[in-house]
Every structure is written in C-alpha cells, then in structure tokens.
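These are the residues of each chain, in order.
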Amino acid sequence: MPRLSAERDTDRYRSFTRRMLVLGGLKVGLLSTLAGRLYYLQVVQSAKYTMLAEENRISLRLIAPSRGPITDRFGVPLAMNQQNYRVVVVSERTKNIPETLDKISQVVPLTDGDRRRVMREMQRKRRFVPVTVRENLTWEQVATLEMNMPDLPGAAIDVGEIRYYPFAEATAHILGYVGAVAEAELNGDPVLSLPGFRIGKGGLEKFHEKNLRGTAGTSQLEVNAVGRVIRELSRDEGQPGREVQLTIDIGLQQFCQKRLSEEQSAAAVVMDVHTGAIYALASHPTYDPNQFTMGISAELWEELLSNPTTPLTNKAVAGQYPPGSTFKPVVAMAALEAGLVGPKHTVHCPGWMELGDHRFHCWKKGGHGSVDMVGALRDSCDVFFYDLARRLGVDRIAEMANRFGMGHASGLDLPHERPGLIPTREWKKKALNQPWTQGESLIASIGQGYVLATPLQLATMTCRLANGGFAVKPHLTKQVKGVAAETTNWPSLGVKKEHLEVVMAGMNAVTNIQGGTAYKARITEPGFEMAGKTGSAQVRRITMAERSTGVKKNEQLPWRERDHALFVAFAPVHAPRYAIGLIVEHGGGGSTAAAPIARDILLETQKRDPGRAAVADAPEPKAPPSRG
C-alpha cells in the first residue's frame, strides 16, 4: 500500500513538471515575441515612427501665390493685386456670436444672408478656425473696427489680396475677371481648394491662367493635439504668377471705348497690318470687372443679363454680323485671281439685275451707270458684284474669303472667339439639306444672306489686303515675362500684287475721291489719309410692296430693325501700317454711322503710333479705391 501511494505521488510530480515546462515555454515564447516586436518598432522602424510623430505635431499648409500682373505694351498695369482687408470671427473666442455680429454690423453693413452664411460656416468648421464675415473693407472701416476691437470678442482683421482693374470698363472684354473656384473646376490642384482662392473666369485672365496663377508656397506650423496652431516653424512663399504683357495700347483702347460709347452698341478692332498685333479691341456697352471680383449683387447680375445690348458679350470677337459691302474687296480679289475679269471690266448698273423671275436690286435706286472695278468699289455698286458672283459661283468666293481669314476662328489668344460663316454648296447641303441657288451667290457677293463675320475677321481681312498679301494672324499677347510671344514671319496668301493694288485703289477712292461713299468721312490731315470700304447690312427683309411705295429710312424704323453700319480701313494710304474693322449695331448707313468713328480712331492711332511710341506717352493707370 505504501508502495502504490509512492508511485501515485511520482506520477503526479511528473505530470506537474511537464505542465510547468509547457507553461514556462509558452511564457518564454510570448516574452520573446514581445521583446522582438518592441525591438522592431523601437529600433528597426524608429525613423518611420519618428516621422509619423513629427507629422502629427507639424502641419504643412499651402500659401496662395500672388497672381501675376497684366500690363499693356508699354508696361502700364491693366490688372494688379491690392490688399484686401476682411473681418473674421473665431467662434471659440466669443460666447455670443450673434452679439458680435450685431456690433460688427454697426461698422460694416451685414445682410441677413451674410449672417446665415457665417453661422452655417461656423457649424461646419472647428471652433478655432476663422470665418470670414465681410471682405473688401475700406480703410475707414478697418480703422473703426480696430479701435473697437476690445468690444468685439472673437473678431479680428485679416489681410489678403484681391484683383483690381484700374481701367475697368475699357479693358473688361479683353481681360475678363477672376472669381471663386467652382466645384466643376477642381482638378486635383490643392491650391484651388484654398479659401478665397480665385481663378480667371473669362478673357485673358482665363486664357493665361497657368501663367498668372504661380506656384503655391508652404508654411510649416506647430499644432497641438486638436490642430490649433501654436507657432510657425518655417515659411516658403512659393513663386508668384508670371507677368503677361499685351500688345494693347491702353491710351488708344480708352479712346476707342469712349468713341464707341456715343453709340448704343458697337465694336472695333485696331491691328498692325504687318505684325497682327492688336492695339485696341473695344466692345460697347461694357461692364466693370471689379464688381465681379468684389462680389456682384444679384440685381446687377440680372440687369447685365437682361440688357438687350448684351454688355457681357465681346462683340469684337464673338459678334457675328452680315459684313455687307465690306465683303466686296474679297469678291473682287476672287474674280481677279480666277482670271474671269480684269481691272477694266465694266458693268452697266440700271439699279437692278434680273436672274430668272427675280430682280436683285442695287442700293442706289437709279443705278450707277457703267462702272469698272475701282468705280464699283468706290460707289459700292451691288449690280457689279452680282455680275462677278454669277461668273464666280459661291465656292470660289468662299475659297478667297477663307484665305483672307474669314469663315474660321483665327486662334486668337482670347476665349470665346466665334468663327463666322462663309457658305458653300456643300455647307448648305449638310446644314440645311437643300441645294444652293445662283441667286444666293448674288446675295453672298454683297455680304448678305448666310455670310457672317466678326469685327476681328474684318480687321484681319483688311490687314491682309494692305500688307501685300501676307497671312497675318491677330494676337493680344506681346510676351510672358521676357518670353516673346509675337510672330512676324507670316506666309504669303499667294495672290498677285497687281490685283491687290486694284482693290486698294478702289478702297482709296471710297474715302479720297469725291463721290466715294465715305468721302465726307475722309482724313484730311496730310500724311494720315485712310482708305476704306463702307458696308450696310440689312437685318430685315424688304418686301416688294414696300419697294413700290418707297423703302423706309432707317430713322423711321425701330432700333432693332435698322441696318448694321460697318466700315473697314487702313492707313496711311501710301504706306499702310494700321487697319480697323468696325461695326455699329443698327447704326444705319456705314458711311454716316461707322466711317466717321473709324476715321477718328485711325487718326488717333497714327498720331499715337503705338508700334513705335515711347513709354513716356502712356497714360497713368487710375488709382485703386482707397484702402489704406
């Protein structure tokens, strides 16, 4: 019995020992694993976790770059940045936000919409993040708020930048404006998400957005566990946007805009016939782009949209009009180049031409009698060009018009340029599924029917006529911070010089030979004479009944039913340098409404001579509103 008991004790001891060894081995294994993990984290991965800890302590924030300036050809600022004072509120620093807003409103007027927006942003953001209450404060408002800051818990004055256009209305259609980034415009660039960041919304501000925007800077901030800034550790301001210099002469631009403002609606483009540089591009009526950058009211926006004269539209590049008789030089070139007629070709004009059972009328009821090509251009005889169109056909007219820059966009460095329309047989078949008729060729030869052109295209056409037949292209950018953007080596159009001389002689006769359609609007100062071509484009159909009783004069019609008045010209006559394309919407006759304006602008252009004028002649920009 004692022996059996001893054996049992031995078995229990052995079993206990085995269990102890197993448990001990497990503990050693666990401790070894823990020690290995600690070694891996603290030694092997030390650098990684040190960096992560540092990132939790240091916040890297973007700094919005300063937008690049835009200047005219002489360096006069057209778009610049100015300080933008704004009042902000930090909710954690005030116990009563509505009360703080009430006190701020005693200095800076706040609408109910402003208050709702502030409260909404405060609910979305952390309590220590500033919320903008109002921007664009005047210096007087800033000073008053600073004086009363002890009574404005949570309020503070912040300073940023805002775009300013010193010449406002005169450059609105060229420069466009900047505005807040829309959700659809976010493309992954983090700078676009910065509060208050603005980008180009139209004009050259939009076209040169990448050049003007610059590169964002960075600021390293030490923050606490909840993200509140303790101090700034380092700062890199980034790269400001690049300066963009234009071909525009702001003095001439202002002159054009003022001269056009005497009409209800008009547009003009002044170009260098040799380089294609645009010295002035004006559209009236216009608007103040500063109202957009500073926050346009809903009432003003609605007023701009509903205005029948469309002030938001750049008519110089986006207005498409029947060119009327300003199109006749192209038809003349097409006939001469095709070899169908010579310069001495004559046509008898009784006041109409019959084609089938239709009668196509000349603008002069009694007709012009017998006229040659120069005389037909001088008198703007419709019947002469009906005869050319009947010989040519619309396709050959279209081919020459295309060569002179019509019927397609020029590639101008400005958004929203429209292509105009030069019809062909194929175009009508595709667009309207109808065959072309010969009568439509006659109508097209006088710049009516389907033919459409922009003032920019008319100026380009005139440049190519006056420069000896070279395919200059219009452009507005002279250089981008030292990198030239202009080209002066233009290809030839492949037209004969003697044919160009015939057409130019006809345009000279329009203004400088008595009896020419624009003789009364000629430039009389020696050495500054211009050559041009008038145009009047109908916007309504004249019925046979009205013709039998007498066609109503433009002044007898409502404004919107009056003819468009157009004029193209180059100067000086004997050494062409400058060209203009101009329209007065519903102005009536080209000789009475458009030619005098073009005369004044071309005379001013030659006197200013923007291709060679000195910087000292450039005007001073208008000072920005007082902000301190």
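Data block above holds the structure.
Residues numbered from 1 in each chain as written. Predicted model: local features only at pLDDT ≥ 70, side-chain atom pairs only at ≥ 80, totals over all residues. Heavy atoms only, no water.

S.K.: Explanation requested: the overall build of the protein chain in the structure shown.
M.R.: Helix and strand counts for the protein chain stand at 22 helices and 21 strands. In the protein chain, buried positions account for 49% of the 628 residues. Partitioning the contacts of the protein chain with sequence separation of at least 6, the portion at a separation of at least 24 is 73%. Taken as a whole, the protein chain presents about 30600 Å² of accessible surface, with 53% of it coming from carbon and sulfur. (Helix = DSSP H or I, 4+ residues; strand = E, 2+ residues; numbered from the N terminus. Buried < 20%, exposed > 50% of the residue type's maximum accessible area, 1.4 Å probe, protein only. Contact = heavy atoms within 4.5 Å. Areas by Shrake-Rupley, 256 points an atom, 1.4 Å probe, with all protein chains shown as cover.)

S.K.: I'm lost on the sheet that holds strand β21 (residues 578–584) in this one. Help?
M.R.: Working definition: the strands of a sheet are paired by backbone hydrogen bonds and lie parallel or antiparallel to each other. Read across the open sheet, the five strands follow the order β12-β11-β21-β20-β19; overall the sheet is antiparallel. A strand with exactly one partner marks an edge of an open sheet, and here the two such strands are β12 (278–284) and β19 (531–537). The mean inter-strand angle of the sheet, taken between neighbouring strand axes irrespective of direction, is 10°. Relative to strand β20 (residues 564–571), β19 is paired through seven bridges, and the arrangement is antiparallel. (Pairing = 2+ DSSP bridges. Axes fitted to C-alpha atoms, helices over the stretch in contact; angles between N-to-C directions.)

S.K.: Quick question: what am I supposed to make of the packing of aromatic side chains here?
M.R.: How two aromatic rings sit relative to each other is given by the distance of their centres and the angle of their planes. Evaluation of the coordinates by the stated rule reveals 10 aromatic pairs. Geometrically, the ring pair formed by Tyr177 and Tyr287 is edge-to-face, given 6.5 Å between the ring centres and 85° between the ring planes. Taken as a pair, Tyr177 in the loop between α6 (172–175) and β6 (178–180) and Tyr287 in the loop between β12 and α10 (290–293) lie far apart in primary sequence, 110 residues in all. Ring plane angle 90° and centroid distance 5.9 Å describe the contact between Phe292 and Trp301, whose orientation is recorded as edge-to-face. For Phe292, a relative accessible area of 12% corresponds to the buried category. Judged by its relative accessible area of 34%, Trp301 is partly exposed. A cation over a ring is seen here: Arg73 above Phe74, with NZ or CZ 5.9 Å from the ring centre. Lying over the aromatic face of Tyr519, Arg522 brings its terminal NZ or CZ to 3.9 Å of the ring centre. (Phe/Tyr/Trp six-rings, centres within 6.5 Å; stacked < 30°, edge-to-face > 60°. Lys NZ or Arg CZ within 6 Å of the ring centre and 35° of its normal.)

S.K.: Please clarify how unusual backbone geometry should be interpreted in this entry.
M.R.: A negative phi angle is the norm for most residues apart from glycine, just as the trans form is the norm for most peptide bonds. With an omega of 0°, the peptide bond running from His284 to Pro285 counts as cis. Relative to the assigned elements, Pro285 resides in the loop between β12 and α10. Each neighbour pair has its own omega, and for Ala571 with Pro572 the value is -15°, a cis peptide bond. With respect to the helices, strands and loops of the structure, Pro572 is situated in the loop between β20 and β21. Phi is positive for Ser380, close to 55°, though the residue is something other than glycine. Here Ser380 is to be found in the loop between α14 (373–379) and α15 (382–392). Judged by its relative accessible area of 4%, Ser380 falls in the buried class.

S.K.: Even after reading the chapter, I still don't get the packing of α15 against helix α18 (residues 438–445), so can you show me in this structure?
M.R.: Angle between the axes and distance between the axes are the two parameters that describe a pair of packed helices. α18 packs onto α15 with a crossing angle of 130° between their chain directions and a minimal axis gap of 8 Å. In terms of orientation, α15 lies oblique with respect to α18. When you trace α15 past α18, the crossing you get is right-handed. Residue-level inspection shows Phe385, Tyr386, Ala389 and Arg390 of α15 in contact with α18, the latter providing Gln438, Ser441, Leu442 and Ser445. (Parallel < 35°, antiparallel > 145°, perpendicular 65-115°, else oblique. Left-handed = near helix turned anticlockwise from the far one by under 90°.)

S.K.: Please explain a nonpolar patch on the surface as it appears in this structure.
M.R.: Taken together, the side chains of Val22, Leu23 and Leu26 define a hydrophobic patch exposed on the protein surface, amounting to about 290 Å² of accessible area. Looking at the secondary structure, you find Leu26 in helix α1 (residues 2–44). (Patch = residues over 30% accessible without salt bridge, like charges linked within 9 Å, V, L, I, M, F, W, Y side chains within 5 Å. Salt bridge = Lys/Arg side-chain N within 4 Å of Asp/Glu carboxyl O.)

S.K.: Please clarify how the nonpolar core should be interpreted in this entry.
M.R.: Side chains of a nonpolar character, in soluble globular proteins, are inclined to be buried together. In terms of nonpolar packing, the biggest core is built from 99 residues, with Leu246, Ile278, Phe327, Phe384, Phe385, Phe404 and Met406 touching the most fellow members. For Ile278, the contacting residues outside a window of four places in its chain are Thr247, Ile248, Val269, Val270, Met271, Leu412, Leu456, Pro474, His475 and Leu476. One finds Leu252, Ala280, Ala521 and Ile597 within the second-largest nonpolar core, a separate group that totals 31 residues. (Core = buried A, V, L, I, M, F, W, Y, C linked by side-chain atoms within 4.5 Å.)

S.K.: Would you mind showing me how to read the environment of Pro455 here?
M.R.: One can find Pro455 in helix α19 (residues 455–466). Considered as a pair, Pro455 and Val269 are 186 residues apart in the sequence and their alpha carbons are 6.5 Å apart. Apart from residues no more than four positions distant in its own chain, Pro455 is found in contact with Ala267, Val269, Lys315, Ala316, Gly319, Tyr321, Gly581 and Ile583.

S.K.: Explanation requested: helix α9 (residues 250–260) in the structure shown.
M.R.: Since the α-helix advances by 3.6 residues per turn, residues separated by three or four positions end up pointing in the same direction. Across the 11 residues that make up α9, a large majority, eight, are buried. Every buried residue of α9 is accounted for by Ile250, Gly251, Leu252, Gln253, Cys256, Gln257, Arg259 and Leu260. Contacts made by the buried residues of α9 are with β3 (77–89), α6, β11 (266–272), β12, β21 and α22 (590–608).

S.K.: What should I look at first to understand the side chain of Arg67 in this one?
M.R.: Tracing the backbone shows Arg67 in the loop between β1 (58–63) and β2 (70–71). For Arg67, the side chain forms a polar contact with the side chain of Glu205, separated by 2.9 Å. (Polar contact = N/O pair within 3.5 Å; in protein donor to acceptor, adjacent residues only side chain to side chain.)

S.K.: What is the right way to read the pairing of β20 from this model?
M.R.: Side-chain positions along a regular strand alternate between the two faces of the sheet. Among the eight residues in β20, eight count as buried, and that is most of the element. Judged by which residues are buried, β20 turns out to be covered on both faces: His564, Leu566, Val568 and Phe570 on one side and Ala565, Phe567, Ala569 and Ala571 on the other are all buried. For β20 and β21, the ladder comprises seven bridges, and the chain directions are antiparallel. Paired with Ala569 across the two strands is Ile580, which belongs to β21. With antiparallel pairing between neighbouring strands as the criterion, β20 and β21 make up a hairpin whose turn holds six residues.

None of this, on its own, says anything about what the molecule does.
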